[in-house]
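A structural walkthrough
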Amino acid sequence: MNTTGTGVFHGRLASLALRFTTKCLPICFGPRRRALGSPTIDDTTSHAISIRRTAYLSPYDRAVYMIERLLRLPSISTYLYAILIDENTASTGQYKDPTAPLKTLFDHGYTLNILLNELESPFVSTINLLERVDEPGYQQHQTELFWRGCVDAGLALPEVLGAHESSLELALATVTGILDILQERGRLGSPDPRYIKPRSIYPAAHAAPGAPRHLVLVYELSQTEVAYMQDLEQLAGFAKRVRAQLDCEGSDIDTMAIFAHIDQLLALHSKFSMRIQYLAGLPPDHQFFDAIYDDLCSDFDVYSSFCASREQAQRAYSAALPIIKQINCGGLDPVFDVTSLFMRPVQRLAQYPILFQSIVDALCDSCASLSLQEKAKRILVIKSMYRAMQHSKRILSRANEATREATNQVNCSSFFDRVDSVASDLSEEAVGRLMTSGKVSAKSTRDYEDLEAYLFSRTLVLCKVIDPAQSSRSSKFRRTLSSLHMTIRTTSLHREERRSSSVSSSTLHTRSPTPDSGECPARANVEFQLPTINTNDSPSLISPPTKLLNSYASLVSLRDKPSPLIKFTSSVDVTISDSECPAQPKNRLSRLCAREQYPTAAISQISQVYELNGTVRLTIQIMMANGSERMLVFRRLTQESAAVWVRMLKRTVPLVPVDDENAAQNAYHCLHVNPRFSKSVLGRSIPM
């Protein structure tokens, strides 16, 4: 048997199989996509290179990590060690800031120059740490030398020379770059075991398996805050790149309206997240979370401005989206969604009360198995957590109020654009400021109707929505043609007479009420030019019957009738022109007709009744000027909508809650009366 030929055959077969496989695999499976940010080797081949993303570090973790790295540098650790001892023994209240020792270290200009001298860069000469040591401005001078050296070494831009004062973030970023270079060169050693470990001063939050529920919730609060901080940093970085790109191109896009208050939110939560993470790492009996709002409550007003301008920012972003999509924002995460990140501040603000309430409930449940001494300590923590919840609710209420005010301004402007202010005698000065509005199912004297209710500070207005199709014609035609009953009278024409004369005479009169009837002081006669009749197109023509044209649509349908025999021409008083009756856009706002108006000062009482189906029925009683009473009933209101109406009515009218007999029997009934009408409503005075 020839084994040599068999081996050659198998070798050729293997080579052919290898060639076939290399050609078929790209066809079957397609080219592998290159990962985000991976470089290309040449112009024709793209290799899939996966990116190893480093774990996100919050500002709190970054500060602690920097302290740990600085302690590994022998030339600076001795200075930092003394600062950490002071920080550990100092009475700083319930919260310790990990950036405090770093700020103390950086305030000494010579310590920064020690770091810079460690680089031994050829672009930076060694800085004399004793230069001007006896002069009063020694620290300021050393700090100036540090930033000049950073600019010469390429660690900072020249713009920092005049803007580095009180900028801790800039100093942290620059020192981080120096430490990265020193670590690559192997200049960072091991920390001295005699030094205080930074994590003993600034602990990290953790939740072991089987931990109590309140500890798990505290850990969840800490981790969600870190995730929110990461979203804010991504959004702020995206805004910075978009601004820089659009400024270079000279675009007229208002980036301030799109990314308003993002930088302020980032600065606020850089401090706030540190406090949450620090307290979350403490033992349960030391987690006094009300301290996180100390001296930051006024800073949270940025949420009110952000929420009030959110709709405007979203509209501006949607308008500029085609241009923003063309901007190269490399380095973003593939799941980065700008639209959803715009909603994150609003969502996060609403999460704080829920999280704190859950922690309070879990702490209360855990008190059953504690001793009296432990229970006393736990009660202090519960009170602190409850105060933190109250702080978060007040911040959320202010943001909701700012959003409502911005919405009311838009709705007020839309209201006066839609309502017929001439017929209803409404003006902004007369009705006052808009408090709230909404669609309601209301009943006064008739059955329930779907109306739009607008509560102003001086007037309560109920409006009926007019169908846009019915009000699409201009008001000029509507007023003119609604008062005229037009009749076309034509004279019977024989075929022989029409052949002899091409034009016949007829008069179009307008029927109007006579002066004797008292409906109109004078008669309005409108004469139209006679139609031109072409007798050559039809062998016979029968006079059309008399038709009543009581609308513009009927007149247009007769004018546009596909017949070449009758051609209308316009009169002087009534102009039938397409230019005066343009086609209305589809998105035109519907018109409003003011159905009823009541002064808010005449509201005598309001009552809420909670229905079994979860809705609320709101009743408003009004005392008219003639002594009669009028009752308005709003039904099928949601509990949130009813609460807003009652709250706004209380701001408009001095209403006082009353313990009525019916209310005492029904826990789902609330009654408020106006003390001005207390005697006429309840027959007794209301205590103020």
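Residues numbered from 1 in each chain as written. Predicted model: local features only at pLDDT ≥ 70, side-chain atom pairs only at ≥ 80, totals over all residues. Heavy atoms only, no water.

Points about the overall build of the protein chain
Of the regular secondary structure elements, the protein chain holds 23 helices and 12 strands. A burial count over the protein chain gives 38% of its 688 residues as buried. The contacts of the protein chain with a sequence gap of at least 6 include a subset with a gap of at least 24, amounting to 66%. (Helix = DSSP H or I, 4+ residues; strand = E, 2+ residues; numbered from the N terminus. Buried < 20%, exposed > 50% of the residue type's maximum accessible area, 1.4 Å probe, protein only. Contact = heavy atoms within 4.5 Å.)

Re the confidence of the model for the protein chain
Predicted confidence across the protein chain gives a mean pLDDT of 75, with 68% of residues reaching 70 or more. Scored below 50 in pLDDT, residues 1-10 shows zero contacts in the model against residues more than four places distant or in partner chains. For the stretch residues 680-688, pLDDT sits under 50, and the model shows 19 contacts to residues farther than four places along the chain or on other chains. (pLDDT = per-residue confidence, 0-100.)

Here we look at the sheet that holds strand β12 (residues 669-673)
On the basis of which strands lie adjacent, the open sheet formed by nine strands has the order β7-β3-β2-β1-β10-β9-β8-β12-β11 and antiparallel pairing. Bordering the open sheet on either side are β7 (591-599) and β11 (656-657), each of which pairs with just one other strand. Sheet analysis places β11 next to β12, joined by two bridges and oriented antiparallel. Bridge pairing in β12 links P657 to H672. (Pairing = 2+ DSSP bridges.)

Structural notes on the side chain of T619
Structurally, the position occupied by T619 is in strand β9 (residues 616-623). Those residues in contact with T619, other than ones at most four positions away along the chain, are Q605, I606, S607, M631, L632 and V633.

Some remarks on the layout of surface pockets
Roughly 1100 Å³ of volume is contained in the largest pocket. Along the wall of the largest pocket there are 32 residues; nearest its centre are R62, L168, E169, L172 and S270. For the lining of the largest pocket, the elements supplying multiple residues, two or more each, are α2 (59-71), α4 (99-107), α7 (168-184), α9 (213-249) and α11 (262-280). By residue number, the principal contributor to the lining of the largest pocket is α7, which donates nine residues. (1 Å grid on protein atoms, 1.4 Å probe; cavity = no way out; pocket = protein on both sides within 12 Å on 5 of 7 lines; lining within 4 Å. Points joined across faces, edges and corners; volume = space filled by probe spheres on them.)

Side note on the packing of helix α3 (residues 74-89) against α4
At a minimum axis distance of 10 Å, the contact between α3 and α4 shows a crossing angle of 130 degrees. Put simply, α3 runs oblique to α4. For α3 against α4, the interelement crossing comes out right-handed. From α3, I76, Y79, L80, I83, L84 and E87 reach across to α4, where they touch A100, P101, T104 and L105. Its residues assigned to classes, the contact of α3 with α4 shows eight nonpolar, one polar and one charged. (Axes fitted to C-alpha atoms, helices over the stretch in contact; angles between N-to-C directions. Parallel < 35°, antiparallel > 145°, perpendicular 65-115°, else oblique. Left-handed = near helix turned anticlockwise from the far one by under 90°. Nonpolar A, V, L, I, M, F, W, Y, C, P; charged D, E, K, R; others polar.)

A short note on the packing of aromatic side chains
Applying the stated criterion across every chain yields a total of 19 aromatic pairs. Ring centres of Y293 and F300 lie 5.6 Å apart, and the angle between their planes is 45 degrees; on these two criteria the pair is classed as tilted. F300 carries the same exposure label as Y293, and that label is buried. Put simply, the rings of F272, Y293, F300, Y303 and Y352 touch in pairs and so form one group of aromatic residues. The ring centre of Y448 lies 3.8 Å from the NZ or CZ of R635, which sits over that ring. (Phe/Tyr/Trp six-rings, centres within 6.5 Å; stacked < 30°, edge-to-face > 60°. Lys NZ or Arg CZ within 6 Å of the ring centre and 35° of its normal.)

A word on the pattern of salt bridges
Per the counting criterion, the structure on display carries 21 salt bridges. K103 is the salt-bridge partner of D107, the closest N and O atoms lying 3.7 Å from each other. Placement of the pair is D107 and K103 together in helix α4, with a separation of four residues, close to one helical turn. A residue is classified by how much of its surface remains accessible, and K103, at 43% relative accessible area, is partly exposed. (Salt bridge = Lys/Arg side-chain N within 4 Å of Asp/Glu carboxyl O.)

Looking at the side chain of D61
Looking at the element boundaries, D61 is found in helix α2. Using a relative accessible area of 16% as the deciding quantity, one classes D61 as buried. Here R199 takes part through its side chain, which lies 3.3 Å from a polar atom of the side chain of D61. Ignoring sequence-local partners within four residues, the contact set of D61 consists of R199 and Q277. (Polar contact = N/O pair within 3.5 Å; in protein donor to acceptor, adjacent residues only side chain to side chain.)

Quick word on the pairing of strand β10 (residues 629-637)
When strand β1 (residues 434-443) meets β10, the two strands line up antiparallel, connected through three bridges. Bridge pairing in β10 links A442 to F634. Pairing geometry for β9 and β10, over seven bridges, is antiparallel. Within β10, the position partnered with I620 by the bridge is L632.

A few points about the environment of I324
Locating I324 in the fold gives a position in helix α13 (residues 310-324). Given the relative accessible area of 5%, I324 is considered buried. Distance from I324 to I253, taken between C-alpha atoms, is 9.7 Å for residues 71 residues apart in sequence. Leaving out residues up to four positions away in the same chain, I324 has contacts with F238, V242, I258 and Y317.

Structural notes on the state of the cysteines
As enumerated under the stated definition, the model contains zero disulfides in all. Considering cysteine sulfurs only, C593 is the nearest to C463, which forms no disulfide, with 7.7 Å between them. For C463, a relative accessible area of 0% gives the class buried. (Disulfide = S-S within 2.5 Å.)

Section: α11
When the terminal C-alpha atoms of α11 are compared, their 26 Å separation across 19 residues agrees well with the 27 Å that a helix rising 1.5 Å per residue should span. When the local axis directions of α11 are compared, the greatest deviation, roughly 25 degrees, occurs at H269. When you tally the buried positions in α11, you get 15 out of 19 residues, the bulk of the element. (Expected span 1.5 Å × (residues − 1). Bend = angle between axes of the 7 residues up to and from the residue.)

Some words on the environment of Y386
Summarising the element assignment, Y386 is placed in helix α15 (residues 372-418). For the pair Y386 and P353, spaced 33 residues apart in the sequence, the C-alpha separation amounts to 9.5 Å.

Brief notes about the nonpolar core
In this structure, L70, F106, F289, Y293 and F356 are the most contacted members of the largest nonpolar core, which totals 101 residues. When residues of this core are assigned to their parent elements, the largest contribution, 12 residues, is made by α9. Residue contacts for L70: discarding those within four places in its chain leaves I76, S77, L80, L102, L105, L115, V175 and L179. (Core = buried A, V, L, I, M, F, W, Y, C linked by side-chain atoms within 4.5 Å.)

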